[in-house]
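# Secondary and tertiary structure notes
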Amino acid sequence: QKEVEQDPGPLSVPEGAIVSLNCTYSNSAFQYFMWYRQYSRKGPELLMYTYSSGNKEDGRFTAQVDKSSKYISLFIRDSQPSDSATYLCAMSPSGGSNYKLTFGKGTLLTVNP
Amino acid sequence: DGGITQSPKYLFRKEGQNVTLSCEQNLNHDAMYWYRQDPGQGLRLIYYSQIVNDFQKGDIAEGYSVSREKKESFPLTVTSAQKNPTAFYLCASSMLVGRGQSEQFFGPGTRLTVL
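Residues numbered from 1 in each chain as written. Chains lettered and ligands numbered in written order. Predicted model: local features only at pLDDT ≥ 70, side-chain atom pairs only at ≥ 80, totals over all residues. Heavy atoms only, no water.

### Observations regarding the overall build of chain A
The number of helices and strands found in chain A is zero helices and eleven strands. Secondary structure elements in chain A, listed N-terminal to C-terminal, are β-β-β-β-β-β-β-β-β-β-β. When its C-alpha atoms are laid out on the principal axes, chain A stretches across 45 × 25 × 25 Å. The burial tally for chain A puts 45% of its 113 residues in the buried class. Put simply, 55% of the contacts in chain A that link residues at least 6 apart link residues at least 24 apart. Summed over its atoms, the accessible surface of chain A is roughly 5200 Å², and 48% of this surface lies on carbon and sulfur atoms. Where the 11 positive side-chain charges of chain A centre and where its 10 negative ones centre are 8 Å apart. (Helix = DSSP H or I, 4+ residues; strand = E, 2+ residues; numbered from the N terminus. Buried < 20%, exposed > 50% of the residue type's maximum accessible area, 1.4 Å probe, protein only. Contact = heavy atoms within 4.5 Å. Areas by Shrake-Rupley, 256 points an atom, 1.4 Å probe, with all protein chains shown as cover. Lys, Arg positive; Asp, Glu negative; His and termini not counted. Charge placed at Lys NZ, Arg CZ, Asp CG, Glu CD.)

Next comes the structure, spelled out in structure tokens:
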């Protein structure tokens with residue numbers, strides 16, 4: 001079993017839809033959880049950063065972490081064509097190894113106008 | 001503007017040549033990282049450095065070398081020993097690990113193609 005699993009998609013939705021992106025993981029030591037957005041041929045951009053379980057909201061984006069299920073989600077409300085990108089989840093353990101991010105392979109999202 | 005710059009944006013290499021990719025940051029971050037991204041795969045860590053004059057191998061260091069002579073700079077050399085160097089290379093930086101923050105910020109990337 002891979003440490004981080006992420007459905008590669010592609011996922012295609014109409015403008016204005018609510019998008020749900022998910023990752024599952026197997027390493028119970030993961031404490032820090034991140035979502036990155038990557039446009040084609042660009043570097044990843046940090047969207048959300050959460051520590052341990054719970055929810056975090058930033059504008060149209062909500063990140064959820066359920067450590068009991070080893071499952072994280074990113075919700076995008078009122079999706080826009082500019083949200084079309086690849087979304088990468090990443091996570092790391094606490095302590096001395098928290099530099100080491102483990103990434104999902106990314107989900108390609110297209111929002112159609 | 002604070003950020004991470006990588007150069008060049010595109011790089012072509014003949015087989016048997018060494019090439020060096022540049023990465024500079026003005027975020028005053030202590031730690032810097034190099035990743036490789038291949039189609040359909042996640043980012044894989046090549047090397048990282050937490051302080052000047054010190055660096056550690058990541059998961060796929062074979063065929064690569066780095067230096068960290070200045071806090072702002074972390075160049076990556078792709079040597080002729082790297083068997084499959086065509087990829088998208090990403091540099092990242094973060095606050096020092098021991099300060100409890102691990103979110104990493106990425107540069108725009110360098111696309112290396114071996115001819």
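### Some thoughts on the side chain of Gln 25 of chain B
Residues and elements named next belong to chain B. Summarising the element assignment, Gln 25 is placed in strand S3 (residues 19-25). Taking the relative accessible area as the measure of exposure, Gln 25 reaches 3% and is therefore buried. Within the structure, the side chain of Gln 25 is placed 3.0 Å from the backbone nitrogen of Leu 27, a separation counted as a polar contact. In this structure the side chain of Gln 25 is engaged in a polar contact, spanning 3.2 Å, whose partner is the backbone oxygen of Lys 71. (Polar contact = N/O pair within 3.5 Å; in protein donor to acceptor, adjacent residues only side chain to side chain.)

### Details of the state of the cysteines
Applying the stated rule across the entire model yields two disulfides over all chains. For Cys 23 of chain A, the disulfide goes to Cys 89 of chain A, at an S-S distance of 2.0 Å. Measuring handedness by torsion sign, the sulfur bridge of Cys 23 of chain A and Cys 89 of chain A sits at about -100° and is left-handed. With a gap of 66 residues between them, Cys 23 of chain A in strand S3 (residues 19-25) and Cys 89 of chain A in strand S9 (residues 85-93) connect regions that are remote in the sequence. Like Cys 23 of chain A, the residue Cys 89 of chain A is buried in the burial classification. Disulfide partner of Cys 23 of chain B: Cys 91 of chain B, at an S-S distance of 1.9 Å. Taking the torsion about the sulfur-sulfur bond, which here is approximately -75°, the covalent link between Cys 23 of chain B and Cys 91 of chain B counts as left-handed. With Cys 23 of chain B in strand S3 and Cys 91 of chain B in strand S9 (residues 87-94), this pair connects stretches of sequence that are 68 residues apart. (Disulfide = S-S within 2.5 Å.)

### Concerning the interface of chain A and chain B
Contacts between chain A and chain B engage 21 residues on the former and 26 residues on the latter. Summed over both partners, the interface of chain A with chain B buries about 1800 Å², with 54% contributed by carbon and sulfur atoms. Our enumeration of links across chain A and chain B arrives at zero salt bridges. Between the two partners, chain A and chain B, sit three residue pairs in polar contact (both at pLDDT 80 or more). Taken together, the elements giving at least two residues each to the side of chain A that touches chain B come down to strand S4 (30-38), strand S5 (45-51) and S9 of chain A. A per-element tally of the side of chain A that touches chain B places S4 of chain A first, with four residues. Per-class residue counts for the side of chain A that touches chain B are ten nonpolar, seven polar and four charged. (Buried area = accessible area lost by both parts, 1.4 Å probe. Salt bridge = Lys/Arg side-chain N within 4 Å of Asp/Glu carboxyl O. Nonpolar A, V, L, I, M, F, W, Y, C, P; charged D, E, K, R; others polar.)

### Some thoughts on the side chain of Ser 73 of chain B
All names here are of chain B. When you line up the elements, Ser 73 lands in the loop between strand S7 (64-66) and strand S8 (76-78). For Ser 73, the side chain forms a polar contact with the side chain of Glu 24, separated by 3.1 Å. In this view, Ser 73 contacts Cys 23, Glu 24, Met 32, Ser 67 and Arg 68; residues no more than four positions away in its chain are not counted.

### Details of the sheet that holds strand S6 (residues 54-58) of chain A
Residue and element names in this part refer to chain A. Ordered by their spatial adjacency, five strands build an open sheet running S1-S3-S8-S7-S6, and the pairing between neighbours is antiparallel. Since the sheet does not close on itself, it has two edges, and those belong to strand S1 (4-6) and S6, each with one partner. On average, each strand axis in the sheet is inclined to that of its neighbour by 15°, with strand direction left out of account. Strand direction decides the pairing type here: strand S7 (residues 61-66) and strand S8 (residues 71-76), joined by six bridges, are antiparallel. Across the sheet, the residue bridging to Asp 66 is Tyr 71, located in S8. (Pairing = 2+ DSSP bridges. Axes fitted to C-alpha atoms, helices over the stretch in contact; angles between N-to-C directions.)

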